[in-house]
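Listed below, chain by chain, are the residues.
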Amino acid sequence: MRRRDREVTARGEMLDIMRRCDVCYVSFMDEHCPYTVPMNFGVETDGDDTALYFHCAGEGRKLELLRRNPQVSFAMSCAHRFEGSGISSTMRYESVCGNGRMYIVGMEEKPRGLNAILANYGQEPMEAFPERAIEAVCVLCLTISEMTGKRNVR
């Protein structure tokens, strides 16, 4: 990282940033260039492991690409604030980027993933989801291999 003074290295701080973000951009590998989509997400931790959960339709380009290559990258940012004017300006922000392996979760894991997503948007977890809803939605899990954080805040 070029600006070491802005680097966030503590995992707890990166998790705090992630929980303040409301959109995660996920890049899937395509033949000629990455295919990037903005997605709603939830964060779940287990010891030193961190996972991101997403929901989507049960078909489409991202699932086709995921089936070909489960390696993805992600980026999210928050606390955006433009300061200054002209050449003397800067952008205030906090961000986390990384990569890992994504998979389509099974029926048993879907409620856990959906509750992680609900929690990220300040919603109470659900004890039970309607069976039709669980069957209709596709839930994805990204197990994070590497992540880095960066911030420019006052």
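These numbers were taken from a predicted model, which means no experiment stands behind them.

The rules we used
Residues numbered from 1 in each chain as written. Predicted model: local features only at pLDDT ≥ 70, side-chain atom pairs only at ≥ 80, totals over all residues. Heavy atoms only, no water. Helix = DSSP H or I, 4+ residues; strand = E, 2+ residues; numbered from the N terminus. Buried < 20%, exposed > 50% of the residue type's maximum accessible area, 1.4 Å probe, protein only. Contact = heavy atoms within 4.5 Å. Areas by Shrake-Rupley, 256 points an atom, 1.4 Å probe, with all protein chains shown as cover. Lys, Arg positive; Asp, Glu negative; His and termini not counted. Charge placed at Lys NZ, Arg CZ, Asp CG, Glu CD. Pairing = 2+ DSSP bridges. Core = buried A, V, L, I, M, F, W, Y, C linked by side-chain atoms within 4.5 Å. Salt bridge = Lys/Arg side-chain N within 4 Å of Asp/Glu carboxyl O.

## Observations regarding the overall build of the chain
Move 1: A count of helices and strands for the chain gives four helices and eight strands.
Move 2: Mapped from its N terminus to its C terminus, the chain presents α and β elements in the order β-α-β-β-β-β-α-β-β-α-α-β.
Move 3: Projected onto its principal axes, the C-alpha positions of the chain cover 55 × 40 × 30 Å.
Move 4: The proportion of buried residues among the 154 residues of the chain is 38%.
Move 5: Long-range pairs, those at least 24 residues apart, make up 71% of the contacts in the chain with a sequence separation of at least 6.
Move 6: When the accessible surface of the chain is summed, it comes to about 9200 Å², and 49% of that surface belongs to carbon and sulfur atoms.
Move 7: Averaging the coordinates of the 20 positive side-chain charges in the chain and doing the same for the 22 negative ones gives two points 9 Å apart.

## Focus on the pairing of strand β7 (residues 90-104)
Regular strands place their side chains on alternate faces of the sheet.
Move 1: By the bridge criterion, 11 bridges tie strand β6 (residues 71-83) to β7 in an arrangement that is antiparallel. By the bridge assignment for β7, V72 is matched with G100.
Move 2: Between β6 and β7, which pair antiparallel and follow one another directly, the connecting turn spans six residues, one of which, G84, has a positive phi of 90°.
Move 3: The pairing of β7 with strand β8 (residues 138-152) spans 12 bridges and is classified as antiparallel. Within the sheet, the bridge partner assigned to Y93 lies in β8 and is N152.

## Considerations on the nonpolar core
Move 1: Counting residues in hydrophobic clusters, the biggest one holds 30 residues, and the most contacted among them are M18, L52, F54, F74, M76, M102 and L140.
Move 2: It is β8 that provides the largest number of residues to this core, a total of five residues.
Move 3: Apart from the residues lying within four places of it in its own chain, the contact partners of M102 are V26, F28, F54, L66, P70, V72, L140, C141 and L142.
Move 4: Judged by nonpolar contacts, the second largest core, of 11 residues, contains A51, A116, I117 and V139.

## Focus: the environment of H55
Move 1: By secondary structure assignment, the location of H55 is in strand β5 (residues 49-56).
Move 2: We classify H55 as partly exposed; its relative accessible area is 35%.
Move 3: Taking C-alpha positions, H55 is 28 Å from A10, a pair spaced 45 residues apart along the chain.
Move 4: Other than its neighbours up to four places away in sequence, H55 contacts M39, N40, L114, I117, V137, C138 and V139.

## Regarding the pattern of salt bridges
Move 1: Per the stated rule, a full pass over the model turns up seven salt bridges.
Move 2: Between E94 and R20 there is a salt bridge; the shortest N-O distance is 2.8 Å. On the criterion of sequence distance, the pair formed by E94 in strand β7 and R20 in helix α1 (residues 11-20) is long-range, its members being 74 residues apart.
Move 3: When its relative accessible area of 7% is taken as the criterion, E94 is described as buried.
Move 4: For E83, the salt bridge goes to R81, with nearest N and O atoms at 2.7 Å.
Move 5: Residue classification places R81 among the partly exposed positions, given a relative accessible area of 41%.

What is shown is where atoms sit, not what they do.
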